[in-house]
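Residue-level listing of the chains:
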Amino acid sequence: MANLMQSGESILCINNGFFSHRMAEMALRVGADVHELHVGVHEAADPERVRKAIEETRPKVLTMVQGETSNTVFNHSLEEITKIAKSYGCLVVVDAVCTLSTMPLKMDEWKVDVVITGGQKGLSSIPDVSLLAFSDEAWAAAKNRIKPPAQWCFDIQLAENFWHKDGYHYTAPVSGIMALHEALKLVCDETLENRFARHLRCSKALQSGIEGMGLDLFIPNESRLNSVIGINIPEGLTAKQICRHISEMYRVEIAGSFGQPIVRIGQMGEQCREHNLFRTLHAFGSTMRDLGIKVDQPNGMAEMESYLQKTPRPLYQVA
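None of the values given here were measured: they were computed from a predicted structure.

A.B. asks: Can you explain the nonpolar core? Please cite residues and give values.
C.D. replies: Core analysis: the biggest nonpolar cluster contains 31 residues, and Ile210, Ile231, Ile254, Val263 and Phe284 have the highest contact counts within it. For this core, the secondary-structure elements that each account for two or more residues are α8 (192–212), β9 (228–232), α9 (239–250), β10 (262–266), α10 (274–290) and α11 (297–310). Top element by residues in this core is α10. It accounts for 5 residues. Contact partners of Phe284, with chain neighbours within four places excluded, come to Ile210, Leu215, Ile231, Ile242, Ile246, Ile254 and Val263. Of all hydrophobic cores here, the second largest spans 23 residues; its members include Ile81, Ile84, Val92 and Val115.

A.B. asks: I'd like to hear about the side chain of Asn16, residue by residue, with values.
C.D. replies: Residue position: Asn16 is located in the loop between β1 (10–15) and α1 (18–29). A distance of 3.4 Å separates the side chain of Asn16 from the backbone oxygen of Glu43, its partner in a polar contact. Within the structure, Asn16 has its side chain in polar contact with the side chain of Asn75 (distance 3.0 Å). Those residues in contact with Asn16, other than ones at most four positions away along the chain, are Val39, Gly40, Glu43, Ala44, Ala45, Glu68, Asn71, Val73 and Asn75.

A.B. asks: Describe the pattern of salt bridges, naming the residues involved and giving the relevant values.
C.D. replies: Throughout the structure, instances matching the rule amount to 13 salt bridges. Across the salt bridge formed by Lys143 and Glu160, the nearest N and O atoms sit 3.2 Å from each other. Residue Lys143 is located in helix α5 (residues 136–143), and its partner Glu160 is located in helix α6 (residues 156–165); the two are separated by 17 residues in the primary sequence. Judged by its relative accessible area of 32%, Lys143 falls in the partly exposed class. Residues participating in the shared-partner salt-bridge network are Glu190, Arg195, Arg198, Glu270 and Arg273.

A.B. asks: Go over the sheet that holds β1, please, and point to the residues and values.
C.D. replies: Pairing is mixed across the open sheet formed by 6 strands, whose spatial order is β2-β1-β3-β6-β7-β8. Each edge of the open sheet is held by one strand with a lone partner, namely β2 (33–38) and β8 (130–134). On average, each strand axis in the sheet is tilted by 15° relative to the strand beside it, whichever way the strands run. Alignment of strand β6 (residues 91–95) against strand β7 (residues 114–118), held across 3 bridges, turns out to be parallel. Considered in β7, the bridge of Asp95 is made with Ile116.

A.B. asks: Tell me about the environment of Leu277, and name the residues and values.
C.D. replies: Within the fold, Leu277 resides in helix α10. By relative accessible area, which is 3% here, Leu277 ends up buried. Once the C-alpha coordinates of Leu277 and Gly209 are considered, the two residues, 68 residues apart in sequence, prove to be 9.4 Å apart.

A.B. asks: Account for the state of the cysteines, naming residues and giving values.
C.D. replies: Inspection of the entire model under this criterion finds 0 disulfides. Unpaired in terms of disulfides, Cys90 finds its nearest cysteine sulfur in Cys13, a separation of 12 Å. The class of Cys90 is buried, set by a relative accessible area of 0%.

A.B. asks: Outline the pairing of β6, supporting the account with residue identities and numerical values.
C.D. replies: β6 sits mainly inside the fold: 5 of its 5 residues count as buried. The alternating pattern of β6 places Leu91, Val93 and Asp95 and Val92 and Val94 on opposite faces, both of which are buried. Two elements, strand β3 (residues 61–65) and β6, share 5 bridges in a ladder whose sense is parallel. Bridging from a neighbouring strand, Val61 pairs with Leu91 of β6.

Reading the values: the criteria
Residues numbered from 1 in each chain as written. Predicted model: local features only at pLDDT ≥ 70, side-chain atom pairs only at ≥ 80, totals over all residues. Heavy atoms only, no water. Core = buried A, V, L, I, M, F, W, Y, C linked by side-chain atoms within 4.5 Å. Buried < 20%, exposed > 50% of the residue type's maximum accessible area, 1.4 Å probe, protein only. Helix = DSSP H or I, 4+ residues; strand = E, 2+ residues; numbered from the N terminus. Contact = heavy atoms within 4.5 Å. Polar contact = N/O pair within 3.5 Å; in protein donor to acceptor, adjacent residues only side chain to side chain. Salt bridge = Lys/Arg side-chain N within 4 Å of Asp/Glu carboxyl O. Pairing = 2+ DSSP bridges. Axes fitted to C-alpha atoms, helices over the stretch in contact; angles between N-to-C directions. Disulfide = S-S within 2.5 Å.

Structure (structure tokens):
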């Protein structure tokens, strides 16, 4: 935002959750003329609605989140939406914090201009280092701006001078870079294709187990993330109760949400393994029973096992 947007320039932010709205908040703070396309909380963004919004607002930049972790929605039409946006001359910015390396995102092929991710989610590294990629078009837009960004630390031209020309910008987070290097090595060893397959298989298995217990998932099947699953909270309970109980009694950490009546189970990177599925599902079912909710825990475990048995493992998995 700091590099692409200047005061008064128009931006369209596809908003279907907390993190996609945060993109709009960032744009407001750099003085952009911000428009939001509000999408239903259970829905992925619809390409034709996006086209209409672009025609109405004529933005310089379009932003969206590929995987909205706040409500576990997967914006599965990213490629089509990007194609539409590019036909109107927009720069396309994509938040891929939980999706980079857990599901396909073909930046060059799909003509995405900026991809943002963090080390700690899909890449399974540590929080400390974030990755930011610019297309040639986005880089040119940032370098040809009239005024430099107001934020010193976020100026990509100073960052370029630091990383590629031995100039000073800030002190490098060396330990974080080494951690990220090791995380990326694991991705390369496994290959992206096998990593995508592993995440999808484990997610579908866990979804089968949750539903096999008799609980409801928050998002319709076609729009679910494979790295974070949202589960409707049974009547009479709160997310805080569930998360505290499963943590204290079973040493399993899950999360609440950002305003939605759900709890979320994240499984990405090195966490996304079969043995973790069994421990997590057993702990979750036990927590429901401990808190007075009638669930069919044996059936849930059996459904998850059945899915794993009938779905082949990826050819290669890192131990």
